[in-house]
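# Topology and contacts: notes
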Amino acid sequence: MSDRPVLLTADIGSVRLLTLNRPDARNALSGELNTALYQALEEADVDDAVKAVVVTGADPAFCAGLDLKEAGAEGAAFFRRFQDINCIVRIGEMRKPVVGAVNGAAFTGGLEIALGCDFLIASERAVFADTHVRVGVLPGGGLTARLPRVVGAANARRMSMTGEVVDAARAERIGLVSEVVPHGELLERAMALASSAADVPAAAMRDLKRMYTQSGGLADDLAAEVAIAHAYRADYDGIEGRRAQVQSRNRAQISQEKH
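One structure accompanies this document, and this report is about it.

Parameters and conventions
Residues numbered from 1 in each chain as written. Predicted model: local features only at pLDDT ≥ 70, side-chain atom pairs only at ≥ 80, totals over all residues. Heavy atoms only, no water. Patch = residues over 30% accessible without salt bridge, like charges linked within 9 Å, V, L, I, M, F, W, Y side chains within 5 Å. Areas by Shrake-Rupley, 256 points an atom, 1.4 Å probe, with all protein chains shown as cover. Salt bridge = Lys/Arg side-chain N within 4 Å of Asp/Glu carboxyl O. Helix = DSSP H or I, 4+ residues; strand = E, 2+ residues; numbered from the N terminus. Core = buried A, V, L, I, M, F, W, Y, C linked by side-chain atoms within 4.5 Å. Buried < 20%, exposed > 50% of the residue type's maximum accessible area, 1.4 Å probe, protein only. Contact = heavy atoms within 4.5 Å. Pairing = 2+ DSSP bridges. Axes fitted to C-alpha atoms, helices over the stretch in contact; angles between N-to-C directions.

## Some words on a nonpolar patch on the surface
- A grouping of Val 133, Leu 138, Ile 228 and Tyr 232 is seen on the molecular surface, where their side chains present a nonpolar patch of about 340 Å² in accessible area.
- Topologically, Val 133 is positioned in helix α6 (residues 132-135).

Have a look at this one:
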């Protein structure tokens, strides 16, 4: 057990920076990290001194999704805890602007966290994938509601049904991220944009976010996803083996794209 905090919090002016800090596990969402991020989002949302939030990960990854090693050991109980306290869902409910600074892999639940942000700035090292069905689970944090709205229905279905890895350049082309910057400039750029959003009158920003999050049938689509996900019965016993296969496949695809 490491003494390292699983989440780092820093206030820079009126912007709160939240950094997922399990780099050895690619910032995968353990029960501890899920709870810590959920509570940090709650606190930021009610703190009048905080006008905007930036979410990022400790290198080399943004977030690899749920910690499937922990899930494999605990089985259904692991997923049941996420139904009550779910940082993936909570980030999409924020009343304040949230900028995602994607520094590396944003896979599955990590992709859902990214989609819950208002917009994304990506490092050139960022890669994205939805591997839910490949490991035998379904998304429940808003992916099927939000991803088609961002990249279009065909691209969303392609990502979810194939599990393919999307690099930063393609992510920008299909609209998943709004900007790609050199890795060393990522946090500075994300903080600058968050600071700009923080200058907007708080009441106006709150209602603007309501317009975006409550229009176009998004709430109904989110509810439909949750209902289907909760009714699904996953094979938790085999999840660890499928996780290893997916990781191997992802590494091979990323290596091919680099060459």
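## Re the nonpolar core
- Grouped together as the largest cluster of nonpolar side chains are 49 residues, with contacts concentrated most on Ile 113, Phe 128 and Leu 176.
- A total of five residues in this core trace back to one element, the largest contributor, which is helix α1 (residues 31-46).
- Those residues within four positions of Ile 113 in sequence are excluded, and the remaining contacts are Leu 29, Leu 37, Phe 62, Cys 63, Cys 87, Ile 88 and Ile 91.
- Formed by 13 residues, the second largest nonpolar core is a distinct cluster that contains Val 15, Leu 17, Val 99 and Ala 190.

## With respect to the sheet that holds strand β1 (residues 7-12)
- Strand order in the open sheet formed by six strands is β1-β2-β3-β4-β6-β9, with mixed pairing between adjacent strands. Edge positions in the sheet fall to β1 and β9 (179-181), since each of these pairs with one other strand and no more. Across the sheet, the axes of successive neighbouring strands diverge by a mean angle of 20°, strand direction being ignored.
- Relative to strand β4 (residues 98-102), strand β3 (residues 52-57) is paired through four bridges, and the arrangement is parallel. Bridging from a neighbouring strand, Val 53 pairs with Val 98 of β4.
- Packing of helix α10 (residues 186-198) onto the sheet brings it into contact with β1, β2 (15-20), β3, β4, β6 (119-123) and β9, and relative to β3 it is tilted by some 160°.

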